[in-house]
Amino acid sequence: MPPLITPSFGLLFWMLIGFGILFFILAKFAWPVITKKIAEREQFIQNQLTEADYVRQEMKNLKSEHRQLLIEAKDERDKILADARKMADRLNDEAKLRREKETDNMMAETRAAIENEKKKAIIEIKNEIANLSIEVAEKILREEFKNSLRQEELILKWVEEMKL
C-alpha cells in the first residue's frame, strides 16, 4: 500500500495520545458542563411543557367557568326581567284599581251634585210657583176687595170659618 493511505506507527501512536488527552480534557471539563446544560435545558423544556399543560387545563376550567357564569348571568337577567314584568303588571293593576276607585268616587260625587242640583231646581220651582200663586191670589183679592161690600162679606165669612 502506498504510504499516503496508510499512516505509520509513530503517527498512529501520537494521534492516539493526542486523542486520549483531548478525550480526557473533554471528559473532565467539557462533558460535565455540556451534560449539565443539556439536563438544565431538558428540565426547562419539561417545566415549560408542564406549565403549558397547566395553563391549558386552567384555560379549560376558565372556559367552563365562563360558560357557567354566562348561563348564570342569563338566568339572572331572565329572573330580573321576569320580576320587572311582574312589578310592571302589579303597578298597572294598582293604577287601574286606583283609576277605577277615582272614577267611582267622581261618579258618586257627580250623582250627588246632580241630585243636589235637582233638589235645588225643585225648590226653586216650588218657590216660583208659590210666588206666582201669591201674586195671582193677591191680584184676585185686589179685584175682590175693590168693592167694600164684598170686603165685609169675606171678612165675616172668614171669621165664621175660624170659629169652626
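For the structure itself, look to the data block above.
## Notes on the overall build of the chain
Here is step 1: The number of helices and strands found in the chain is two helices and zero strands.
Here is step 2: On C-alpha atoms alone, the chain measures out to a radius of gyration of 65 Å, which is more than a quarter above the 15 Å that the 2.2 N^0.38 rule sets for 164 residues.
Here is step 3: Taken along its principal axes, the extent of the C-alpha atoms in the chain is 200 × 35 × 25 Å.
Here is step 4: Taken across its 164 residues, the chain has 1% of its residues classed as buried.
Here is step 5: For the chain, the computed accessible surface area is about 15600 Å², with 64% contributed by carbon and sulfur atoms.
Here is step 6: Averaged over its 29 positive side-chain charges, the chain has a centre that lies 10 Å from the centre of its 30 negative ones.

## Some words on a nonpolar patch on the surface
Here is step 1: A cluster of nonpolar residues, Phe9, Phe13, Trp14, Ile17, Ile21, Phe24, Ile25 and Phe29, forms a patch on the protein surface that exposes about 930 Å² of accessible area.
Here is step 2: Tracing the chain through its elements places Phe13 in helix 1 (residues 9–144).

## Quick word on the packing of aromatic side chains
Here is step 1: By the definition in use, this model includes two aromatic pairs.
Here is step 2: On the basis of an interplanar angle of 75° and a centroid distance of 5.2 Å, the ring pair of Phe13 and Trp14 is categorised as edge-to-face.

## Concerning the pattern of salt bridges
Here is step 1: All told, the structure shown has five salt bridges when counted by the stated rule.
Here is step 2: Residue Glu40 pairs with Lys37 through a salt bridge whose shortest N-O separation is 3.9 Å. Here the residue Glu40 and the residue Lys37 both occupy positions in helix 1, the gap between them amounting to three residues, near one helical turn.
Here is step 3: Residue Lys37 is classed as exposed on the basis of its relative accessible area, which comes to 53%.
Here is step 4: Of the charged contacts in the structure, one is a salt bridge between Asp78 and Arg77, with a shortest N-O distance of 3.1 Å.
Here is step 5: Assessed through its relative accessible area of 39%, Asp78 is described here as partly exposed.
Here is step 6: Note on Arg77: relative accessible area 46%, which makes it partly exposed.

## Overview of a negative patch on the surface
Here is step 1: Together, Glu72, Asp75, Glu76 and Asp83 make up a negatively charged patch on the protein surface.
Here is step 2: Overall, the relative accessible area of 47% leaves Asp75 in the partly exposed class.

## Some remarks on the environment of Gln57
Here is step 1: Relative to the helices and strands, Gln57 is located in helix 1.
Here is step 2: Gln57 sits in the partly exposed class, given a relative accessible area of 42%.
Here is step 3: With 15 residues separating them in the primary sequence, Gln57 and Glu42 have C-alpha atoms 22 Å apart.

## Focus: helix 1
Note on helix geometry: an α-helix contains 3.6 residues per turn, so any two residues three or four positions apart are oriented the same way.
Here is step 1: Helix length check: helix 1, at 136 residues, gives a terminal C-alpha distance of 190 Å against a target of 202 Å (1.5 Å per residue), a fit within 8%.
Here is step 2: The axis of helix 1 is deflected most strongly, by about 45°, at Ala30, and proline Pro32 appears within four residues downstream.

Rules used throughout
- Residues numbered from 1 in each chain as written.
- Predicted model: local features only at pLDDT ≥ 70, side-chain atom pairs only at ≥ 80, totals over all residues.
- Heavy atoms only, no water.
- Helix = DSSP H or I, 4+ residues; strand = E, 2+ residues; numbered from the N terminus.
- Rg over C-alpha atoms; globule rule 2.2 N^0.38 Å.
- Buried < 20%, exposed > 50% of the residue type's maximum accessible area, 1.4 Å probe, protein only.
- Areas by Shrake-Rupley, 256 points an atom, 1.4 Å probe, with all protein chains shown as cover.
- Lys, Arg positive; Asp, Glu negative; His and termini not counted.
- Charge placed at Lys NZ, Arg CZ, Asp CG, Glu CD.
- Patch = residues over 30% accessible without salt bridge, like charges linked within 9 Å, V, L, I, M, F, W, Y side chains within 5 Å.
- Salt bridge = Lys/Arg side-chain N within 4 Å of Asp/Glu carboxyl O.
- Phe/Tyr/Trp six-rings, centres within 6.5 Å; stacked < 30°, edge-to-face > 60°.
- Expected span 1.5 Å × (residues − 1).
- Bend = angle between axes of the 7 residues up to and from the residue.

Geometric values such as these leave the question of function open.
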